[in-house]
Amino acid sequence: MSSKKIYTGLIERYRNQLPVNKDTKIISLGEGNTPLIKLHNIPSILNKQAEIYVKYEGLNPTGSFKDRGMTMAVTKAVEDGAKAIICASTGNTSASAAAYAARAGITAFVLIPDGKIAQGKLAQATMEGAIVLQIKGNFDDGMRLVKEVADEAQVTIVNSINPFRLQGQKTAAFEIVEELGRAPDFHCLPVGNAGNITAHWIGYSELTKNSTKACAYCNGDCHYGTKSSVSIRPKMVGYQASGAAPFIRGDMVDNPETVATAIRIGHPQSWDYAWIVNKESGGWFDECSDEEILATQKMLAEKEGIFCEPASAASVAGALRDITSGKIPENSCIVCTLTGHGLKDPDTAIKQSTAPVVKIEASLAQVKSAILDNM
Ligand code: F0G
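Reading the values: the criteria
Residues numbered from 1 in each chain as written. Predicted model: local features only at pLDDT ≥ 70, side-chain atom pairs only at ≥ 80, totals over all residues. Heavy atoms only, no water. Buried < 20%, exposed > 50% of the residue type's maximum accessible area, 1.4 Å probe, protein only. Helix = DSSP H or I, 4+ residues; strand = E, 2+ residues; numbered from the N terminus. Pairing = 2+ DSSP bridges. Near = heavy atom within 4 Å. Polar contact = N/O pair within 3.5 Å; in protein donor to acceptor, adjacent residues only side chain to side chain. Nonpolar A, V, L, I, M, F, W, Y, C, P; charged D, E, K, R; others polar. Phe/Tyr/Trp six-rings, centres within 6.5 Å; stacked < 30°, edge-to-face > 60°. Axes fitted to C-alpha atoms, helices over the stretch in contact; angles between N-to-C directions. Contact = heavy atoms within 4.5 Å. Expected span 1.5 Å × (residues − 1). Arc of directions from axis to C-beta. Parallel < 35°, antiparallel > 145°, perpendicular 65-115°, else oblique. Left-handed = near helix turned anticlockwise from the far one by under 90°. Core = buried A, V, L, I, M, F, W, Y, C linked by side-chain atoms within 4.5 Å.

Novice: Just to check I follow, could you spell out the pairing of strand S7 (residues 186-190) for this structure?
Specialist: Regular strands place side chains that alternate from one sheet face to the opposite one. Burial analysis of S7 places five of its five residues in the buried class, which makes it a mostly covered element. Of the two faces of S7, the one lined by Phe186, Cys188 and Pro190 and the one lined by His187 and Leu189 are each fully buried. Judged from the five bridges that link them, S7 and strand S8 (residues 235-241) form a sheet pairing that is parallel. Paired with Phe186 across the two strands is Lys235, which belongs to S8.

Here it is, written out as structure tokens:
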């Protein structure tokens, strides 16, 4: 019987472009290798010529892009002898940290905001054995506390201020370029702490042998810019929820609010790096209202069969607006990152589901008539 080679995660796959050596014990759940899906139905509604792809990061092992960074951060923490990791989180980082800590046999402490975390994410963190500390405060309070406590306790921070996180996350750009055979003209992402937009820029920069001042890992001394496969980097476009939009306000926001709880962040940790990305790439930041975000989440599900969580839909909501206005020119190639799976936040999805559940008797006649009524 011929055996197919099993995919063992992004560190194995991009070993030469990541900070590991032959002795590093890799902590992996087979993350990465997510589908790049071309939108078929939504572009025709827009009546504009555009090639729009979504990178469906919700199909990572814990249902979000965080796994790309977490495999790297936990691998390095374990290599360094850590027995415990810690993070503040709006939900997805905590689910991912909990999973990789379980896999490594170490402890995860996660600080989450009081009552503002989607149910799926909380279920994951608790099932995966994390010590969940729910604070009477928001993500920004949690992040401040994590930084303070890490000075006093033997715990490794695995938020995206840990430079290994962005090293792992940069691999999404590698996959996109491999599949398209080029970099897109525009890469659109939802922005919270701005770690992910920075990581993608690092990835694209390495592929084009360009240096970037946005990389905290190498500080301008990049060892990985050897694989020059494309010449042009994309313009990086970051969309925030209107109630949590420090990059658009030009300053920190103290009481962020949005239905997209994943990006309910007012004090982004990668503030300076994201502005460098903005400048170097020639992209921009913009905001989306909660209504736009939810409408786009629904449109992706209804028209394309792609179910993402609300924060993720901000990338497509913003891109569609900018394509419609012409800010993103016709015939552009656009990639939007869908950062998390729709199942993460069932409550928000169910609340906006308007399609009625048809209740009938368990009889053939009633099933038949229900079908005929709805054809
Ligand atoms: N989309 C989702 C689904 C997220 O969970 C996050 C961040 C982002 C987008 C924004 O990414 O912070 O790199 O700009 N979630 C973090 C968490 C804050 O704790 O799970 P970013």
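Novice: Mind showing me how you'd approach the site of the ligand here?
Specialist: In the vicinity of the ligand, 20 residues are found, and the nearest of them are Ser89, Thr93, Asn193, Ala194 and Thr339. The separation between an oxygen atom of the ligand and a polar main-chain atom of Gly195 is 3.2 Å. In this structure, an oxygen atom belonging to the ligand sits 2.9 Å away from a main-chain N or O atom of Asn196. Its residues assigned to classes, the shell around the ligand shows eight nonpolar, 10 polar and two charged.

Novice: Just to check I follow, could you spell out the pairing of S8 for this structure?
Specialist: Most of S8 sits out of view: six of its seven residues are buried. When S8 meets strand S9 (residues 284-288), the two strands line up parallel, connected through five bridges. Bridge pairing links Ala241 to Cys288 in S9.

Novice: Which parts of the structure should I look at to understand the packing of aromatic side chains?
Specialist: Aromatic ring pairs: the centre-centre distance and the angle between the two ring planes describe each pair. For the coordinates displayed, the defined rule picks out eight aromatic pairs. Relative to Phe285, the ring of Phe247 has its centre 4.5 Å away and its plane inclined at 20°; by these criteria the two rings are stacked. Here Phe285 lies in strand S9 and Phe247 lies in helix H10 (residues 246-249), a separation of 38 residues in the sequence. Ring pairing ties together the aromatic residues Phe247, Trp271, Trp275 and Phe285, which thus form one cluster.

Novice: Explain the sheet that holds strand S4 (residues 107-113) here, please?
Specialist: Whenever strands of a sheet pair, they do so through backbone hydrogen bonds, lying parallel or antiparallel. Strands sit in the order S5-S4-S3-S6 across an open sheet of four strands; the sheet is parallel. Edge positions in the sheet fall to strand S5 (131-135) and strand S6 (156-157), since each of these pairs with one other strand and no more. Examined bridge by bridge, strand S3 (residues 84-88) and S4 share five bridges and lie parallel to one another. Paired with Ala84 across the strands is Thr107, a residue of S4.

Novice: Honestly, the sheet that holds S7 in this entry has me stumped. Any pointers?
Specialist: Read from one edge to the other, the open sheet built from six strands follows the order S1-S2-S10-S7-S8-S9, with strand pairing classed as mixed. Where the open sheet ends on each side, the last strands, each with one partner, are strand S1 (36-38) and S9. This sheet shows a mean twist of 25° between the axes of neighbouring strands, independent of strand direction. Sheet topology places S1 next to strand S2 (residues 51-56); three bridges connect them, and they run antiparallel. If you follow Leu36 over to S2, its bridge partner there is Lys55. Strand contacts of helix H11 (residues 271-281): S8 and S9, with the helix running at about 115° to S9, the strand carrying the most contacts.

Novice: Just checking my understanding: could you explain helix H12 (residues 290-304) for this structure?
Specialist: In an α-helix, one full turn covers 3.6 residues, which means residues spaced three or four apart are oriented alike. In this model, H12 (15 residues) spans 21 Å end to end at C-alpha, consistent with the 21 Å of a helix rising 1.5 Å per residue. If you check which residues of H12 are buried, you get Ile293, Leu294, Thr296, Gln297, Leu300 and Glu304. Buried residues along H12 cover an arc of 160° about the axis, so they all sit on one side. Exposed side of H12, more than 90 degrees from the buried face: Glu291 and Glu302 are the residues found there. Looking at the buried side of H12, the elements it contacts are helix H2 (42-46), S8, S9, helix H13 (310-325), strand S10 (333-338) and helix H14 (346-351).

Novice: I tried to follow the packing of helix H4 (residues 92-104) against helix H5 (residues 119-127) on my own but got confused; where do I start?
Specialist: Each packed pair of helices is defined by two parameters, the angle between the axes and the distance between the axes. Put simply, H4 and H5 touch, their axes get as near as 8 Å, and they point 20° apart. The angle between H4 and H5 falls in the class roughly parallel. Seen along the crossing, H4 lies across H5 with a hand that is left-handed. The segment H4 lies against H5, with Asn92, Ser94, Ala95 and Ala98 engaging Lys121, Gln124 and Ala125.

Novice: How do you make sense of unusual backbone geometry when you look at a structure like this?
Specialist: Negative phi characterises most residues that are not glycine, and trans characterises most peptide bonds. Positive phi is not limited to glycine here, since Ala194 has a value of about 75°. Tracing the chain through its elements places Ala194 in the loop between S7 and helix H9 (195-207). Note on Ala194: relative accessible area 5%, which makes it buried. We note that Lys209 has phi near 55°; this positive angle belongs to a residue other than glycine. In this structure, Lys209 sits in the loop between H9 and S8. You can call Lys209 exposed: its relative accessible area is 53%.

Novice: Explain H9 here, please?
Specialist: A rise of 1.5 Å per residue sets the reference length of H9, with its 13 residues, at 18 Å; its end C-alpha atoms lie 19 Å apart and thus fit the reference within 8%. Of all 13 residues that make up H9, 13 are buried, and the element is covered over most of its length. Positive backbone phi, approximately 55°, marks Lys209, located one or two places after H9.

Novice: Please clarify how the nonpolar core should be interpreted in this entry.
Specialist: A general feature of soluble globular proteins is that nonpolar side chains tend to end up buried together. Membership of the largest hydrophobic core comes to 32 residues, with the highest contact counts inside it found for Ile52, Cys188, Tyr239, Ile328, Ile334, Cys336 and Leu338. Among the secondary structure elements, those contributing two or more residues to this core are S2, S7, S8, S9, H12, H13 and S10. Of the residues forming this core, the biggest block, eight residues, is contributed by H13. Counting 30 residues, the second-largest nonpolar core is a separate cluster that includes Ile11, Tyr53, Phe174 and Met236.

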